[in-house]
Structure formats: structure tokens, C-alpha cells
Amino acid sequence: MNQIRVGLVADPASPTAMARAMTDLRPLDGDDRDGWDIEVLSEPFTLGYEDVETALARLRARAIQHEWDLVIGVTELPLRADDGRYLLAAIDPQRATAVLSLPALGGLRVRTRARHAVLGLMSGMTEDSSHDEERVPLPGISGRGRVLAGMVLANRPWLLASGLKSALVAALATGAVATVDSTVWLLAGSLSGWRLGVATIASISIVVGWIVVDGELWDRPADGSTEARDRSRLYNTSTLVTLTIGVLICYLALYVVNLAWALFILDPAVMGDSLGSSLDYGDLFVLVWFVASAATIGGALGTGLESDEAIRAAAYSKREEERRARLADERP
């Protein structure tokens, strides 16, 4: 059997895991006479400010180095065409080279979509190499939203809690003490629903802002070009959305734990007698709501944030810095 040697060059972490799950891909026609021998190489191969041709050239150099017949890059970065539209993929059939942008697949069923996309790219380049370079663009406005959703998913906001563990522990301790404080009960009872809602939004916003400042996560344009400014806006938006989701998850966890604690140790009737007012379990839920907001701020600002991979992973700008450093080290 004359096998075709295929190289999958993938960004580290999640893209590499996806690529390694694709080593069992087979031709669409089911004919194994010209099967694929797929090898995965985990390394960053492109930067956000580079044009697509640079990424394709770097991939082709890897193909020559490893003696691959065709090569596909799998990147977590958004790719843009010369006209400003975001790309799903860029293909150079004559050189058997392609690059796939995972964020362009959106935020749902990414692994399945990536598998189908890579399969299509491999089959297309295997069967026909007569075309010139091709670009597969996304539609304008909806394309940008799809890329943003994919970037947020790639940031894995649900893992942010591991980077905030000290702050979360401090918030839990603060909430446990505040729950049994009569002054806190009085203050919580004096607040209307909209004020409690504002307190929730404010507490989450303050913590997100603190993480951005403390972690130096805000991306600034490398130059004054429209493309650089647009890239920074996209990076910063994905960072803010990622952090907001992560902090909201922590907030809800804090609320649930404090509520369980309050239900276990407190009797609203007894607390009402102490305060000289009539209280019920509905007031307990309001109390925990207020305590969660106050403890979120106190826990985050009162504790230094860890220099954790989960914090750095929330920002594409930090991963971009790592790419630049690694690619610079590899240059002769």
C-alpha cells in the first residue's frame, strides 16, 4: 500500500489534543490503497499579526523537514484575508499545504467540526492539486461573532476557578462570617431587588477589572493600523467575555456554598427575634445574595491572584507573546 504522509502541525494544548484524535482519519472513498500516515507535531507556527502566506510558508518548511507529502496547520488564532474578512481555512493545493482556524468553527461541536474540516482538506489536496491558493472566508458580521465565540471557548473560562482558588477560599471564609452577622442581615434586608442586582454586576465587574490589571491581560495594538486595532479589540473582547463567564461561575459556586451553610446553621425566626423583626427563609436567600456580592469583592481584592496557567490562558495576547518568543528562539 502506497501511503501518503500527512503532517498535522497544531498549536499546543487544545489544538494538539484535537489533532491527535485525528490520526485515525481515512479517505472519504474508503479506498485504503492510498491511505494516510498521519503524524502530529505540537508547536505554534503562526502569529496573529502575520499574513496567511507566512503561516503557509512556515508549514511547508516543516513538511520538507519531516518529509510529509501534505501538511495542515491547526491554529487557535483567528485568520484574516486581505479584504478584512475572517477565514475558516487557507489552502495552497499546489504545495499541498493548508491552515485551519479553530475559532472560525464557532463555539459548539468544535472537535467534530474540526475533524470534518481536516478530513475535507486532506481529501481535497490529495485528489486535486491543480488550483491556485484558496481562501475560505466567513460572512462579515456573523463571521466575527462566530470567531469570538470560538475564541472564548478556546480560552476555557470554566477553568478560571483554578487560577482564583486563593481568592475563592478567602471569599468563602468572608461569606461564612458575614452570614451570621446581624448587621449584615439588617443591611441586606434594607436593599431592594434592583440594588442587589446592581451589587452583583458591580462585584463581578470589579473582579474582572482587577484580574485584567493585576495580570496585565489588556492587549494594545502593535501599531496604528486598522488591522492591529481590530485585532486588539477582538483579543480584549474575548478576554473580557472569558473572565466574566469564569467569575460568574465562581460567584454562583460561592452563592450555593454560602446558602448551604446558612440553611445548616441559621434559623430565620431566631434571627428575627434577635433583630426585633419577622424573618423567613425568603430573607435567607436575600442575605446570601448580598453576602455573595460582598465576599466576591473582598476575596478577590484581599488576596493576591496566582500566576496561574488558567489566568494566562484567558488572554490571547499572553499566548501571542509566548508564540513570538518560541518562534524567535527557533530562528537561526
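Parameters and conventions
- Residues numbered from 1 in each chain as written.
- Predicted model: local features only at pLDDT ≥ 70, side-chain atom pairs only at ≥ 80, totals over all residues.
- Heavy atoms only, no water.
- Phe/Tyr/Trp six-rings, centres within 6.5 Å; stacked < 30°, edge-to-face > 60°.
- Lys NZ or Arg CZ within 6 Å of the ring centre and 35° of its normal.
- Axes fitted to C-alpha atoms, helices over the stretch in contact; angles between N-to-C directions.
- Helix = DSSP H or I, 4+ residues; strand = E, 2+ residues; numbered from the N terminus.
- Parallel < 35°, antiparallel > 145°, perpendicular 65-115°, else oblique.
- Left-handed = near helix turned anticlockwise from the far one by under 90°.
- Contact = heavy atoms within 4.5 Å.
- Core = buried A, V, L, I, M, F, W, Y, C linked by side-chain atoms within 4.5 Å.
- Buried < 20%, exposed > 50% of the residue type's maximum accessible area, 1.4 Å probe, protein only.
- Domains from an automatic or database assignment.
- UniProt positions renumbered as here; feature names shortened; annotations may be inferred.
- Polar contact = N/O pair within 3.5 Å; in protein donor to acceptor, adjacent residues only side chain to side chain.

Counted by the stated rule, this structure contains zero aromatic pairs. One cation-aromatic arrangement involves Arg80 over Tyr86; the distance from NZ or CZ to the ring centre is 5.1 Å.

Running from amino to carboxyl end, helix H7 (residues 193-215) crosses helix H8 (residues 226-265) at an angle of 125 degrees, the nearest separation of the two axes being 9 Å. If you check the angle between H7 and H8, you find them oblique. When the axes of H7 and H8 are compared, the crossing they make is right-handed. In contact with Thr200, Ser203, Ile204, Val207, Val208, Ile211 and Val212 of H7, H8 contributes Leu240, Leu243, Thr244, Val247, Leu248 and Tyr251.

In this section: the nonpolar core. In summary, soluble globular proteins display a tendency toward joint burial of nonpolar side chains. Leu25, Trp36, Leu70, Ile72, Val118 and Met122 are the most contacted members of the largest nonpolar core, which has 37 residues in total. No other element matches helix H3 (residues 110-127), which puts seven residues into this core. Domain assignment of the residues forming this core places at least three in each of domain 1 (4-152) and domain 2 (156-330). In contact with Ile72, other than residues within four places in its own chain, are Gly7, Leu8, Val9, Ala98, Val118, Leu121, Met122 and Met125.

Before going further, it helps to spend a moment on the UniProt feature "transmembrane region" (unreviewed entry) in the protein chain. Following the UniProt record, the feature "transmembrane region" (unreviewed entry) maps to residues 166-188, 194-213, 234-264 and 284-305 here. The span residues 166-188 is 91% helical and 0% strand by assignment, and the distance between its end C-alpha atoms comes to 26 Å. With 100% helix and 0% strand, the stretch residues 194-213 has end C-alpha atoms that lie 28 Å from each other.

Let's shift gears to the side chain of Thr296. By secondary structure assignment, the location of Thr296 is in helix H10 (residues 281-301). A polar side-chain atom of Thr296 sits 2.6 Å from the main-chain carbonyl oxygen of Ala292. Not counting chain neighbours up to four residues away, the residues in contact with Thr296 comprise Ala171, Ser203, Val207, Tyr251 and Leu254.

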